[in-house]
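A structural walkthrough
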Amino acid sequence: MTKPLPSPNLIVILGDQLSPDIAALRVGDPQQDIVLMAEVRSETDYVPHHKKKIAFIFSAMRHFAETLRQRSWTVDYVALDAKSNCGSLTSEIERAAAEHGCGRIYCTEPGEWRLRNAFEQLAKHMTLEILEDDRFLCNQEDFGTWWKGRRQPRMEHFYREMRRKTDLLMDGDKPVGGRWNFDSDNRKPPKPGLTFPEPQRFNPDAITHNVLELVDNCFPHNFGRLKPFWFGVTQQDAQAALDHFVTVALPDFGDYQDAMVQHSPFLFHALISLYLNVGLLDPRDVCVRAEAAYREGSVPLNAAEGFIRQIIGWREYIRGLYWQEMPSYVDRNIFCHTSPLPTFYWTGETELACLNICIKQTHDEAYTHHIQRLMVTGNFAMLAGIEPKAVHEWYLAVYADAFEWVELPNTLGMSQHADGGLLGSKPYAASGNYINRMSDYCGSCRYNVKEKTGPNACPLNYLYWDFFDRNRDTLGGNPRLTQVYRTWDRMESIRKVTVREDAKRFLRTLS
Ligand code: FAD
Ligand code: DLZ
């Protein structure tokens, strides 16, 4: 008698789990088990994603499926337009488990609470095991212990622990260069005539061309310009993009990290968040590469430190906070802001040049850099009293790197201060002066950044004061804002009245 074959396991791989050594693949056997990957409407439609984001994820998924096949895995890949497509990941899992006679199902924990919860519900009636996602440098348990042990957790303290833990940029137990943080060297405004390297662009291959056609047909009304499409879609592409960045842009990354330039959207930024977030790059490898460039002498310390801090500091901290605070975090709204998101966030049709430029860039590239997200689109939404959840859903939709675990704390916490200061010790609020100092945007604006009130004044100037005035009950006791309120209190009453009236008039035009 021949022994019956053991039933195969089903290994589920999501669109942001494209790492060859991800936990669920490590437990499987390529000779016997089945990998399930599915393009599904439940994931493409829970927010109206940018066309380039959908194309990036689908093309990277299809290339990853090919890589797995080359490594002898059997991949059940469900295309979005397949007739039998069940429409959601959970129903695809149920279908595939039945079809292939799978005894056990393994997945790596999803990066969003919404999906992890759906998988936990599924695990109640199927033998589904959810494995820890160990592609991060700090696991959730360690972060939880650290977080709960602090009265007022702050990223800088966490970052120092991560430097010690990873041994990155350390000389024994001391930080290289004698300081943990070189941020004060990293705020140079753009000099006229400064030139920037071009990012690494990739030509679409046949797989990507098919995906572009599919996205064109299936998402005709989604936000964003689909072509030219130049994102990398494989591990090799992502590695080439990282190499390119380290060689041509990292040396100046630190100095001009906060600068904004109208016709140079990428400046000296890395453009690797999308690759990191879907698993095409590993965060530790990226940091080791940056440290090596510093040690070889090709990159200054302020650049290497600033870059590594974003990854082992901010990226890990943001993720830790997300899982500690969800699911209630998404409903935080300390200022009780209720205004709808202005339509121009989708059309770019606004006379404020800074917003127009950043939204147009978002539309074309599915990318803006950190300061554009924080100090232009984010700052305006907070000053204008837009409902934080609406702001969050916009960010989650429009950027190629947006997954809730990283997008939500950045948007709702860092940029809207809607969590009441859990992430940042004070709101990132700015008047036109800041935008003018850090960018070349204001020169082409119909408003005058030097005017504080009146029909030609930059609206950010009066919205800034109006925001602090109307939120005094919430912010007045913050020691980091003492100077702001002192300046406001010293202002003439007549000017305060004009500020409030101008703000009211302007905000009425938004609705
Ligand atoms: P660089 O500026 O070159 O930085 C290098 C890397 O550091 C990035 O690739 C990223 O992995 C990491 N990093 C830098 N800042 C942060 C941060 N605050 N949080 C987490 N990682 C960071 N980042 C996302 O990856 N996805 C998002 O959806 C996202 N939404 C954001 C929303 C708002 C309102 C704000 C203010 C920031 C958001 N960020 C998000 C963080 C940051 O803006 C992006 O990581 C960065 O712009 C990506 O571009 P880059 O690769 O060129 O980054
Ligand atoms: C973002 C996204 C999109 C647009 N489409 C898919 C998809 O069709 N199939 C899939 O497996 N994943 C997709 N993703 C990524 C998921 O939304 C992501 O895995 C979860 O949000 C968890 O982070």
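This structure is a prediction, so every number in the text was calculated from the model and none was measured.

The rules behind these values
- Residues numbered from 1 in each chain as written.
- Chains lettered and ligands numbered in written order.
- Predicted model: local features only at pLDDT ≥ 70, side-chain atom pairs only at ≥ 80, totals over all residues.
- Heavy atoms only, no water.
- Pairing = 2+ DSSP bridges.
- Helix = DSSP H or I, 4+ residues; strand = E, 2+ residues; numbered from the N terminus.
- Axes fitted to C-alpha atoms, helices over the stretch in contact; angles between N-to-C directions.
- Buried < 20%, exposed > 50% of the residue type's maximum accessible area, 1.4 Å probe, protein only.
- Contact = heavy atoms within 4.5 Å.
- Near = heavy atom within 4 Å.
- Polar contact = N/O pair within 3.5 Å; in protein donor to acceptor, adjacent residues only side chain to side chain.
- Areas by Shrake-Rupley, 256 points an atom, 1.4 Å probe, with all protein chains shown as cover.
- Nonpolar A, V, L, I, M, F, W, Y, C, P; charged D, E, K, R; others polar.
- Phe/Tyr/Trp six-rings, centres within 6.5 Å; stacked < 30°, edge-to-face > 60°.
- Lys NZ or Arg CZ within 6 Å of the ring centre and 35° of its normal.
- Domains from an automatic or database assignment.
- Buried area = accessible area lost by both parts, 1.4 Å probe.

1. Examining the sheet that holds strand β1 (residues 10-12)
Spatial strand order, β3-β2-β1-β4-β5: five strands in an open sheet with parallel pairing. A strand with exactly one partner marks an edge of an open sheet, and here the two such strands are β3 (74-78) and β5 (128-131). Adjacent strand axes in the sheet meet at a mean angle of 25°, parallel and antiparallel pairs treated alike. Pairing between β1 and strand β4 (residues 105-108): three bridges, direction parallel. Within the sheet, the bridge partner assigned to Ile 11 lies in β4 and is Tyr 106.

2. A few points about the environment of Phe 136
Relative to the helices and strands, Phe 136 resides in the loop between β5 and α6 (140-148). Using a relative accessible area of 15% as the deciding quantity, one classes Phe 136 as buried. For the pair formed by Phe 136 and Cys 445, sequence separation is 309 residues and the distance between their alpha carbons is 42 Å. Once residues within four sequence positions are removed from consideration, Phe 136 is found in contact with Arg 315, Glu 316, Arg 319 and Trp 405.

3. Topic: the pairing of strand β2 (residues 34-38)
Where burial is concerned, most of β2 is hidden: five out of the five residues are buried. Here β2 shows two buried faces, one formed by Ile 34, Leu 36 and Ala 38 and the other by Val 35 and Met 37. Two elements, β1 and β2, share three bridges in a ladder whose sense is parallel. Each residue of the ladder has a partner; that of Leu 10, found in β2, is Ile 34.

4. Quick word on the site of ligand 2
Residues in contact with ligand 2 amount to 19 residues; listed here are only the nearest, Asp 16, Ala 38, Val 40, Glu 43 and Glu 112. Between a nitrogen atom of ligand 2 and a main-chain N or O atom of Ala 38, the distance comes to 2.7 Å. Here Arg 114 contributes a side-chain N or O atom positioned 3.1 Å from an oxygen atom of ligand 2. Calculation on ligand 2 without its partners gives an accessible area of 490 Å², and the protein chains cover 100% of this total. Sorting the residues of the shell around ligand 2 by element identifies α2 (41-44), α3 (51-70) and α5 (113-122) as the ones contributing at least two each. Of all the elements, α3 adds the most residues to the shell around ligand 2, at three residues. Considering only residue class, the shell around ligand 2 consists of ten nonpolar, four polar and five charged.

5. Focus on the site of ligand 1
Around ligand 1 there are 29 residues in total, and His 269, Ala 270, Leu 271, Tyr 367 and Asn 410 lie nearest to it. Residue Gln 310 places a side-chain N or O atom 3.4 Å away from a nitrogen atom belonging to ligand 1. Between ligand 1 and His 370, the relevant distance is 3.0 Å, taken from an oxygen atom to a side-chain nitrogen or oxygen of the residue. Expressed as a share of its isolated accessible area of 820 Å², the protein-covered part of ligand 1 is 99%.

6. Let's talk about the packing of aromatic side chains
According to the stated counting rule, one finds 37 aromatic pairs in the structure shown. Here the aromatic cluster, defined as three or more aromatic residues joined through ring pairs, consists of Phe 344, Tyr 345, Phe 380, Trp 394, Tyr 395, Tyr 399, Tyr 462 and Phe 506. Arg 201 extends its terminal NZ or CZ atom over the ring of Trp 230, reaching a point 4.8 Å from the ring centre. The ring of Tyr 159 has Arg 309 lying over it, and the distance from NZ or CZ to the ring centre is 5.9 Å.

7. Focus: the domain arrangement of the protein
When the domains of the protein are assigned, the result is domain 1 (10-131), domain 2 (140-199 + 249-325) and domain 3 (344-510). Domain 1 and domain 2 are separated by 31 Å when their C-alpha centres are compared. Counting residues at the interface gives 13 residues for domain 1 and ten residues for domain 2. For the pair domain 1 and domain 2, the two sides together bury roughly 840 Å², of which 60% comes from carbon and sulfur.

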